[in-house]
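Residues per chain, in single letters:
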Amino acid sequence: ATAAPAPEAAGAGADQAAAVASRAAAEREAATQRFIALLAASGVDPEGSWDDAMKRTVNHADYRALQTLGDRKAAFERWGRERREAAEAAARAEERRRKVDFLTLLKGRPELTSRTRYPEAEALLGKEARWLALADEPEREELYEEYALSLERKEGAERRAARQARMAALRALLEREAVSAKSQWRKVHAALGEAAEMIALDKVDRLSVFEEYIGSLEEKEEQAKQAEREAARRADRKKRDAFRALLRRRYDEGLIPLAARWRDVAAELEAAEEHGLAAGQPGSTPQELFDDFMEQARETYSGHRRLLRGVSGAPPVTAATTADEFAAAIASAADAGSEVASLPRASLAAYVAELKEKAREEAAEMERSIRKQQRSAIEAFQGALRGLMGATLTSATTWQEVAAVVSGKAFASALAEPLQRQAFSELHAEVKAAEDKEAAAATGAAAGGGEKEAGGEEGGERKRHKKRERRRDEGSDDDDERRKRKKEKRDRRRREKEAGEASESG
């Protein structure tokens, strides 16, 4: 078996074949060019037939430069196509040159304007060679109309530019004359109406420039006012921020408690400079800023309080506990996380104050309960004493007599001696007041007996008047208070009755 050729050998063979093909193509192109040259030299018509071309060239040696008849005919067709394309390109170039010359002719005549019609231009330039070079009349007229249209656009642009320049000159005049935003057109026109800048424009353009200039001045003034308002708003905001910072500092220092109201701290805050600045700005008042701050502080404290309540190892709070002591103790609690340890001092102080207030309320409630129990025991003692002594209990009765009576009785043992003395003193005062009232009533009845008939009608009127006053006084009392007194009276009578029965059985 024959071994496969090496890659290097295969590549070399391909290069050699490509070189051979390239030389063959070059030789073929050279033979084609020789045949084409023969066609041109023999006077062959590019638009003629192949038979005529063959008759003119068949006897020449270069006729056989191409080996086959098909190659010769293809070369003839190629030569004809190239000659036609060259002729067409030359014709187009010539047409462009004639148009360029025509436009150059028109541009060289300044008397031609956009308003000059074609017949006028033809009468003026009709004998010019460059005019006549465009033999096609419709094409010449179309080209002229395009040129006139370009002139019209150019003249329009020039007119607009000139108008803008005149308007700019008038605006500069208004600036030099210091025309203000409050100036009136009537007065300005009377003062500057003879100026060249004013005369150069028509009335509409003059008024347009004036209104535009005044509008620009008003816009600048409005921008300046807006900048002033914005600067004032920023300054006012800084004043409010300074007052908020003051509230924050005093709150963090514990000078403003969480339960504080404006009336509690107004006097101290009004002495601060920040309060005076905040009070002089049109935004939120110092009291409104304080209320907003305290509302936010309470919302913040609500979350902090939940964290503190969740610390199981929190230290107890007494009346002497300070916020710093509580903070140090809470930081060392076993389950106090970093979040609790980093709570602000104000929240810790508020929590300590809340616990103290709660303890005070519980102590006050316990004290009220004790006093209520004592009061009940005193009233029970008084009721039992009334039932035991009956009519013998008078204002002349002494404590020693009472002590001897209640000695060994069950109802007396429920009350300490100091409270027994207090109960007797109150009861003694009531008995004495009742005796004094009865004595006064008896004295008044004796003194008024002789005058009863003479002043019967007047006395009856006084009684009716007093009765009406008593009813009105009773009606003005609070319903709850009246019911409470009636209930206490019933309870006292019931306890006195029970105490009397118990003493008799004893």
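Report on the accompanying structure. For clarity, every value in this text was computed on a predicted model and none was experimentally measured. (Residues numbered from 1 in each chain as written. Predicted model: local features only at pLDDT ≥ 70, side-chain atom pairs only at ≥ 80, totals over all residues. Heavy atoms only, no water.)

Under the counting rule described, the total for this entry stands at eleven aromatic pairs. Both rings, one in Phe35 and one in Trp50, keep their centres 6.4 Å apart while their planes meet at 45°; by these two values the pair is tilted. Residue Phe35 is located in helix 1 (residues 7-41), and its partner Trp50 is located in helix 2 (residues 50-57); the two are separated by 15 residues in the primary sequence. Considered together, Phe35 and Trp50 belong to a single accessibility category, that of buried residues. (Phe/Tyr/Trp six-rings, centres within 6.5 Å; stacked < 30°, edge-to-face > 60°. Helix = DSSP H or I, 4+ residues; strand = E, 2+ residues; numbered from the N terminus. Buried < 20%, exposed > 50% of the residue type's maximum accessible area, 1.4 Å probe, protein only.)

Looking now at unusual backbone geometry. In this structure, Ala178 takes a positive phi of about 55° despite not being glycine. One can find Ala178 in the loop between helix 6 (137-176) and helix 7 (185-192). Classification of Ala178 as exposed rests on a relative accessible area of 61%.

So, about a negative patch on the surface. Among the surface-exposed residues, Glu288, Asp291, Asp292, Glu295 and Glu299 lie close enough to one another that they form a single negatively charged patch. By secondary structure assignment, the location of Asp291 is in helix 12 (residues 286-309). (Patch = residues over 30% accessible without salt bridge, like charges linked within 9 Å, V, L, I, M, F, W, Y side chains within 5 Å. Areas by Shrake-Rupley, 256 points an atom, 1.4 Å probe, with all protein chains shown as cover. Salt bridge = Lys/Arg side-chain N within 4 Å of Asp/Glu carboxyl O. Lys, Arg positive; Asp, Glu negative; His and termini not counted. Charge placed at Lys NZ, Arg CZ, Asp CG, Glu CD.)

We now examine the packing of helix 3 (residues 69-107) against helix 6. For the pair helix 3 and helix 6, interaxial distance at closest approach is 11 Å and the crossing angle is 50°. Between helix 3 and helix 6, the crossing angle belongs to the class labelled oblique. Here helix 3 and helix 6 pass one another in a crossing that is right-handed. Here Glu95, Lys99, Phe102, Leu103, Leu106 and Lys107 of helix 3 lie close against helix 6, whose contacting residues are Glu139, Arg140, Leu143, Tyr144 and Tyr147. Of the residues belonging to the contact of helix 3 with helix 6, the class tally is six nonpolar, no polar and five charged. (Axes fitted to C-alpha atoms, helices over the stretch in contact; angles between N-to-C directions. Parallel < 35°, antiparallel > 145°, perpendicular 65-115°, else oblique. Left-handed = near helix turned anticlockwise from the far one by under 90°. Contact = heavy atoms within 4.5 Å. Nonpolar A, V, L, I, M, F, W, Y, C, P; charged D, E, K, R; others polar.)

Here we come to the nonpolar core. If you look at the biggest cluster of nonpolar residues, it comprises 27 residues, and the most contacted ones within it are Phe243, Leu247, Ile256, Leu269 and Phe290. Among the elements of the structure, helix 9 (203-252), helix 10 (262-270), helix 12 and helix 15 (345-389) are those that each provide at least two residues to this core. Considering each element in turn, this core owes the most residues, seven residues, to helix 12. Not counting residues up to four positions away in its chain, the partners in contact with Leu269 are Phe243, Leu246, Leu247, Arg250, Trp262, His275 and Phe290. In terms of nonpolar packing, the next biggest core, distinct from the first, is built from 16 residues, Leu173, Ala195, Val209 and Ile214 among them. (Core = buried A, V, L, I, M, F, W, Y, C linked by side-chain atoms within 4.5 Å.)

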